[in-house]
Amino acid sequence: MISIGLILLGLLQAIVLLLVAPLFSGFSRVLRAKMHNRRGPSIFQNYRDLAKLMKRQEVIPEQAGWVFRATPYIMIASMLLVATIIPIITAQSPFGWVGDLILVIYLFALSRFFFVLSGMETGSTFGGIGARRELLVSSLVEPIMLLVLFVIALLASSTNLGVISTKVISGVIPYSTAVWLGTIAFAFASYVEMGKLPFDLAEAEQELQEGPLTEFSGHSLALMKWGIYLKQLVVVSLFMAVFVPFGSVVGNPSGLSWILLGLLAVVAFFLKVAIFYFVVGVLENAVARTRFMNASAVFWTALAAAILSFVFYLANV
């Protein structure tokens, strides 16, 4: 049963994630600068950049059609929908049965689909190359995520995110070999989706991940960048909801106890996300940049871990 309170909670957590997404991306930039012994930008620099872009004039290419104009809004909307249904504060999905893993994967695919089309529609060579790169990432990363989530869904006997989170917290889904391998594979997929080195550098327009953004300007570019920041945070939130849901409110406490537990859940969530971003920042600065086409061996290793996770599930190990 979906309650009005949980629906409002889902909407609230989506708005909060939208607002703090640039902050966590800024934290990643500051961490990288400190590790390079540089002063670096302010942790709030992303907000200033977005504010500047919102005030600038938008120039739309001649070849651009409705896909180009609609992509910024579709990207933000799809990520907000994912942020709404992921169990963050409570162990159950705010929208009940709507919080389904299959829906989440389709919303991620919808965002990427329009992102790729927007890069190709303008006729820009660099945008087309960036779009091809996005398609390659999709073909390499999404099978890993799908296979791991399939194993977790089989263990939980449900594709509902709330049911999975609750069963992980209660110990119904133990941290077996299959789950550990799946956790490692999904963490790698999340790292790639965040656009980090050696695969990419999400903050730089000259990198392939932002190739499709070449022709965007003004408030459309601001929305696209904001959508990328939000996608990074949503991917991390999904990882936490499925594999590290501890700290979320379980059951239906009432009154003051719910408020206290909710505040503790918020603190626990942001602490887990900050630790994830910190680990990602350390790993990113510990590796050298490489040609993207040479990184396929790493993808195959992660896919092997996901396949082994399924094999160990079948073997009940």
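Up top you'll find the structure we're talking about.
Here the residue numbers are simple positions, counted from 1 along each chain's written sequence. Only residues with pLDDT of 70 or above have their local features reported here, since the model is predicted, and side-chain atom pairs are shown and tallied only from 80 upward, although totals for entire chains, interfaces and linings are computed over all residues. With hydrogens and water excluded, all non-hydrogen atoms of the structure serve as input to the side-chain values.

Right, let's talk about the packing of aromatic side chains for a bit. Ring geometry is summarised as follows: Phe, Tyr and Trp rings, the Trp one being its six-membered ring, pair when their centres sit within 6.5 Å, and such pairs are stacked at plane angles under 30 degrees, edge-to-face over 60 and tilted between the two. Tallying each qualifying case throughout the model produces 15 aromatic pairs. Aromatic pair phenylalanine 269 and phenylalanine 270: ring centres 5.3 Å apart, planes at 65°, arrangement edge-to-face. For every residue, the accessible area (1.4 Å probe, protein chains only) is compared with the maximum for its type, and the residue is labelled buried under 20%, exposed over 50%, or partly exposed between those bounds. Its relative accessible area of 23% is what places phenylalanine 270 among the partly exposed residues. An aromatic cluster is defined as three or more aromatic residues linked by ring pairs; in this entry it consists of Phe24, Phe269, Phe270 and Tyr277.

So, about a nonpolar patch on the surface. Like-charged residues within 9 Å of one another, or nonpolar side chains (Val, Leu, Ile, Met, Phe, Trp, Tyr) within 5 Å, are grouped into patches, provided each residue has over 30% relative accessible area and no salt bridge. For the accessible areas, the method is Shrake-Rupley and the probe is 1.4 Å, while residue cover comes only from the protein chains on display. Here, a salt bridge means any side-chain nitrogen of Lys or Arg that lies within 4 Å of a carboxyl oxygen of Asp or Glu. There is a patch of nonpolar side chains on the surface, built from Met35, Leu271, Ile275, Phe278, Val279, Val282 and Leu283 and spanning about 600 Å² of accessible area. Runs of H or I in DSSP of at least four residues are treated as helices and runs of E of at least two as strands, each being numbered from the N terminus. At 6 residues, helix H9 (residues 256-285) tops the list of elements feeding residues into the nonpolar patch. Mapping leucine 283 onto the fold places it in helix H9. For leucine 283, a relative accessible area of 45% translates into the label partly exposed.

Before going further, it helps to spend a moment on the packing of helix H1 (residues 4-35) against helix H2 (residues 45-55). Lines fitted to the C-alpha atoms define the axes, with helices restricted to the stretch that makes contact. Angles between their N-to-C directions range from 0 to 180 degrees. Look at H1 against H2: their axes get within 7 Å of each other, and the N-to-C directions meet at 125°. By the angle between their axes, H1 is oblique relative to H2. For the pair H1 and H2, contact is made by Leu19, Val20, Pro22, Leu23, Ser25, Gly26 and Arg29 and by Gln45, Asn46, Tyr47, Asp49 and Leu50, respectively. Its residues assigned to classes, the contact of H1 with H2 shows 6 nonpolar, 4 polar and 2 charged. Angle categories: roughly parallel below 35 degrees, roughly antiparallel above 145, roughly perpendicular from 65 to 115, and oblique for all the rest. Throughout, a residue-residue contact means that at least one pair of heavy atoms, one from each residue, lies within 4.5 Å. Under the grouping applied here, Gly and all other residues not named as nonpolar or charged are polar, the nonpolar ones being Ala, Val, Leu, Ile, Met, Phe, Trp, Tyr, Cys and Pro and the charged ones Asp, Glu, Lys and Arg.

Between its first and last C-alpha, H1 extends 46 Å over 32 residues, near the 46 Å set by a 1.5 Å rise per residue. Remark: asparagine 37 follows H1 within two positions and exhibits a positive phi of approximately 60°. Expected span of a helix, by definition, is 1.5 Å for each gap between consecutive residues, and there is one gap fewer than residues.

We now examine the pattern of salt bridges. Evaluated as defined, the whole model comprises 4 salt bridges. Linking arginine 29 and aspartate 49 is a salt bridge whose minimum nitrogen-to-oxygen distance equals 4.0 Å. Residue arginine 29 is found in helix H1, and its partner aspartate 49 is found in helix H2; the two are separated by 20 residues along the sequence. You can call aspartate 49 partly exposed: its relative accessible area is 26%. Across the pair lysine 231 and glutamate 193 runs a salt bridge, and its minimum N-O distance is 3.4 Å. Of this pair, lysine 231 sits in helix H8 (residues 218-243) while glutamate 193 sits in helix H7 (residues 177-193); the two residues are 38 residues apart in sequence, bridging distant segments of the chain.

All we've got here are geometric facts, nothing functional implied.
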